[in-house]
Amino acid sequence: MSALLSETTKLRDQIVSVGKSLFDRGLTFGSTGNISARLSNGEILMTPTNASLGSLEPGRLSRFSAEGVHIDGDKPTKEAFLHQCMYCKRTQSGAVVHLHSTHSVAVSILANIDPEDVLPPLTAYYVMRVGSLPLVPYYPPGDKALAEAVAARAEKSHAVLLANHGPVVAGKTLLDAQYATEELEETAKLYLLLHGHRTRPLTPEQRRALG
Ligand SMILES: O=C(CO)COP(=O)(O)O
Ligand SMILES: [Zn+2]
């Protein structure tokens, strides 16, 4: 088997298993969310539109050329352009995960959150895997303007929160993107759990020490 073919097969299988793991743990539901990953030749694999992340099929994933043309597989996610915008601005990223994870969505609906950085640095792992989280203004799912608003933030931030919608997270690998998305969701949950309590987030010095 050629190196590229074996890389593609592995990545297809990984997208399916990550999707199932996220879905089975309730981190997205119904046919919400989408996952993409970039191959070493620049091609991008994406989950099809209206597919449940819990029951993806490796051979049906949508494949795009490095130039962004749909080559084969099922009709791609309606957020295909958004994923492409992320890769375009983040040349080192190998994967993008978008979920409708409940606590992150809840935080994206709160009034009076700081759109420059939505969540406080509650834990070391949040700082290490997410760091900062800008809020992207609301646009309907699949809207070109949504992808453009993400692109405007993507150069500086690998993780963004779509208002009244959910997180989009890029990573060097699919596992990096998955772990960062999970960390974001757990931190959103902690943030909501702590509502009304006095808290002691990490200090700027503690934050800096994490790199
Ligand atoms: O999360 C979604 C839209 O934002 C799901 O859309 P797709 O089914 O087209 O991937
Ligand atoms: Zn969505």
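Everything in this summary refers to the structure shown in the same document. (Residues numbered from 1 in each chain as written. Chains lettered and ligands numbered in written order. Predicted model: local features only at pLDDT ≥ 70, side-chain atom pairs only at ≥ 80, totals over all residues. Heavy atoms only, no water.)

## Things to note about the side chain of Thr-77
No. 1: In this structure, Thr-77 sits in the loop between strand 4 (70-72) and helix 2 (80-89).
No. 2: Looking at Thr-77, its side chain comes within polar contact range of the side chain of Asn-34, at 3.1 Å.
No. 3: Excluding residues within four positions of it along the chain, Thr-77 makes contact with Asn-34, Met-46, Thr-47, Pro-48 and Thr-49. (Helix = DSSP H or I, 4+ residues; strand = E, 2+ residues; numbered from the N terminus. Polar contact = N/O pair within 3.5 Å; in protein donor to acceptor, adjacent residues only side chain to side chain. Contact = heavy atoms within 4.5 Å.)

## Describing the packing of helix 3 (residues 102-109) against helix 6 (residues 174-193)
No. 1: The interhelical angle for the contact between helix 3 and helix 6, taken along N-to-C directions, is 60 degrees, at an axis separation of 7 Å. Accordingly, the angle class assigned to the pair helix 3 and helix 6 is oblique. As for how helix 3 packs across helix 6, the hand of that crossing is left-handed. Of the residues in helix 6, those in contact with Thr-102, His-103, Ser-104, Ala-106 and Val-107 of helix 3 are Leu-184, Glu-185, Ala-188, Lys-189, Tyr-191 and Leu-192.
No. 2: Its residues assigned to classes, the contact of helix 3 with helix 6 shows six nonpolar, three polar and two charged. (Axes fitted to C-alpha atoms, helices over the stretch in contact; angles between N-to-C directions. Parallel < 35°, antiparallel > 145°, perpendicular 65-115°, else oblique. Left-handed = near helix turned anticlockwise from the far one by under 90°. Nonpolar A, V, L, I, M, F, W, Y, C, P; charged D, E, K, R; others polar.)

## Comments concerning the site of ligand 1
No. 1: Of all residues adjacent to ligand 1, which total 13 residues, the nearest are Thr-49, Asn-50, Thr-77, Lys-78 and Glu-79.
No. 2: Here Thr-77 contributes a side-chain N or O atom positioned 2.7 Å from an oxygen atom of ligand 1.
No. 3: Between His-100 and ligand 1, the recorded distance is 3.0 Å, taken from a side-chain N or O atom to an oxygen atom.
No. 4: Against a free-state accessible area of 310 Å², the protein chains account for coverage of 96% of ligand 1.
No. 5: Considering only residue class, the shell around ligand 1 consists of one nonpolar, 10 polar and two charged. (Near = heavy atom within 4 Å. Areas by Shrake-Rupley, 256 points an atom, 1.4 Å probe, with all protein chains shown as cover.)

## Regarding the sheet that holds strand 5 (residues 95-98)
No. 1: Read across the sheet, eight strands follow the order 4-3-2-1-5-8-7-6 without closing on themselves; strand pairing throughout is mixed. The sheet is open, and its two borders are formed by strand 4 and strand 6 (135-136), each paired with just one other strand.
No. 2: Here strand 2 (residues 44-46) runs beside strand 3 (residues 62-64); their pairing, made up of three bridges, is antiparallel. Note on strand 3: the bridge partner recorded for Met-46 is Ser-62. (Pairing = 2+ DSSP bridges.)

Interpretation note: all reported values are geometric properties and have no functional meaning in isolation.
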